[in-house]
Amino acid sequence: MAEIGKDIEKAKLLLQEGKLVAIPTETVYGLAGNALDAEAVAMIFETKNRPAFDPLILHTSSIERVEDFVSSFPEKLKVLAENFWPGPLTLLLPRKPIVPDLVTSGLDRVAIRVPNHPLTLALLESLDFPLAAPSANPFGYISPTAPVHVAAQLGEKIPYILDGGACEVGLESTIVGIEEDEIVIYRLGGLDISEIEKLVGPVKIKDHSSSNPAAPGQLDSHYAPRKPFVLGELKELVSESLTKNVDFSVLSFSDFFPEISAESQIALSPEGNLLEAAKNLFSAMRKLDEGKSTVILAELLPEEGLGRAINDRLRRAAVK
Ligand code: TXA
Ligand code: MG
């Protein structure tokens, strides 16, 4: 079973030996290995049961270091990096040959980000290689936002989980690239796109797998609980399910339903705050998935700010 601790030196030694370590970031926990070591990268795919066509994000500690891995850095993307790194932003940049094919699944661009977590930044600074790190969950399941989530699913397969507490943002990074001078969003995430638009003007959103082979990880069904996850008008769903005697639980934005028990419902943010809702989303989905109900009823949030990224995850969770 993986040890859970705050020992950066231990994490560093394991990574230097080619082993995998779960690392905290502000978005979700990552399953990290030496990005320049194809064997370590292969182990990441195997450990997560992840198909090899789904490329990984390379994590490094500064913009300066990014230059080692990319052949050019378009000005508009650099502006975003300067403003939002360290932070929940991933950039797709033309890669140098030093980046193994396995990291990019053979694509010409490599995904890179500087995560904003003090332990992981210190770890990255102490290493002389970048870390490849997908979210530390089995492929397709809910991303982990706490060390116990990682331990529950990958604990048997990895030696160490670096404990950085609960993730502050709670949604994966926003993935951004550029196509013919137009900024393109490939995954909605923890950085609100209106923040991006303030700096570079209107962006294009291209975040569905069916129409978007460039981000193959954006499968329609993703971030999914094992139980049926039904999205709709909660008041109606709840009264209907009570009539039919269905054993359900409820994931609401802010409402509490007095007609059902407190244990079978979670409000993501009783005050209706989208940042708080994002932070709580994945742990709430997990908790209800682990509980005794047979179905989870949920609702979409306001389609604004981080609500868009949250709704993206809720919709994918509902696809079977
Ligand atoms: O917040 C995050 O981004 C977290 C933390 C650990 O940094 N990582 C994460 O990684 O969410 P992962 O592997 O679960 O999701 C990465 C996404 C995938 O959908 C993948 O398809 C896309 O990034 N991606 C990676 N490299 C790409 C590339 N070269 N071109 C297009 N999409 C890429
Ligand atoms: Mg993932």
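Residues numbered from 1 in each chain as written. Chains lettered and ligands numbered in written order. Predicted model: local features only at pLDDT ≥ 70, side-chain atom pairs only at ≥ 80, totals over all residues.

Per an unreviewed UniProt entry, the recorded name for the protein is Threonylcarbamoyl-AMP synthase, and the organism is Algoriphagus boritolerans DSM 17298 = JCM 18970. Check the Subcellular location (unreviewed entry) section of the UniProt entry for the protein; it says "Cytoplasm". (UniProt positions renumbered as here; feature names shortened; annotations may be inferred.)

Let us look at unusual backbone geometry. Residue Trp 85 is joined to Pro 86 through a cis peptide bond whose omega torsion reads -10°. Within the secondary structure, Pro 86 sits in the loop between α4 (75-84) and β5 (89-94). Of note, the phi angle at Asn 49 is positive, near 60°, even though the residue is not glycine. By the secondary structure assignment, Asn 49 is in the loop between α2 (38-48) and β4 (57-59). Unlike most non-glycine residues, Glu 180 shows phi in positive territory, near 45°. Relative to the elements of secondary structure, Glu 180 occurs in the loop between β9 (174-179) and β10 (182-187). (Helix = DSSP H or I, 4+ residues; strand = E, 2+ residues; numbered from the N terminus.)

Here we come to the sheet that holds strand β14 (residues 265-267). Pairing is parallel across the open sheet formed by four strands, whose spatial order is β12-β15-β13-β14. On the outer flanks of this sheet lie β12 (229-231) and β14, each paired with one strand and no other. Between one strand axis and the next, the sheet turns by 20° as a mean value, whatever way the strands run. Direction of pairing for β12 relative to strand β15 (residues 295-298): parallel, over a ladder of three bridges. Counterpart to Val 230 in the pairing with β15 is Leu 297. Along the sheet face, helix α10 (residues 274-290) touches β13 (248-252), β14 and β15 and points at about 175° away from the line of β13. With respect to the sheet, helix α11 (residues 306-318) is in contact with β12 and β15, its orientation differing from that of β12 by roughly 125°. (Pairing = 2+ DSSP bridges. Axes fitted to C-alpha atoms, helices over the stretch in contact; angles between N-to-C directions. Contact = placed C-beta atoms within 7 Å.)

Our focus in this paragraph is α10. Across its 17 residues, α10 extends 24 Å between first and last C-alpha, which sits within 8% of the 24 Å expected from 1.5 Å per residue. In this structure, the buried residues of α10 make contact with α7 (147-154), β13, β14, β15 and α11. (Expected span 1.5 Å × (residues − 1).)

Counting buried residues in strand β3 (residues 30-34) gives five out of five residues, a clear majority hidden from the surface. Where strand β2 (residues 21-23) and β3 come together, three bridges link them in antiparallel fashion. Following the sheet pairing, Ala 22 is matched in β3 by Leu 31. Between the antiparallel neighbours β2 and β3 lie six residues. Where β3 lies against strand β7 (residues 131-132), two bridges are found, and the strand directions are antiparallel. Within the sheet, the bridge partner assigned to Asn 34 lies in β7 and is Leu 131. (Buried ≥ 20, exposed ≤ 12 C-beta atoms within 10 Å, placed from the backbone.)

Another point: the UniProt feature "binding site: L-threonine" (unreviewed entry) in the protein. Under the present numbering, the feature "binding site: L-threonine" (unreviewed entry) in UniProt falls on Thr 27, Arg 113, Ala 133 and Ser 173. Taken along the chain, the residues just named run across 147 residues; in space they keep tight, none of their C-alpha pairs more than 12.1 Å apart. Secondary-structure assignment places Thr 27 in the loop between β2 and β3. Thr 27 gets classed as buried once you count the C-beta atoms within 10 Å, which come to 29. Setting aside anything within four residues of it in sequence, one finds Thr 27 in contact with Pro 88, Cys 167, Val 169, Leu 171, Glu 172, Ser 173 and Gly 190. With respect to the element layout, Arg 113 can be found in strand β6 (residues 109-113).

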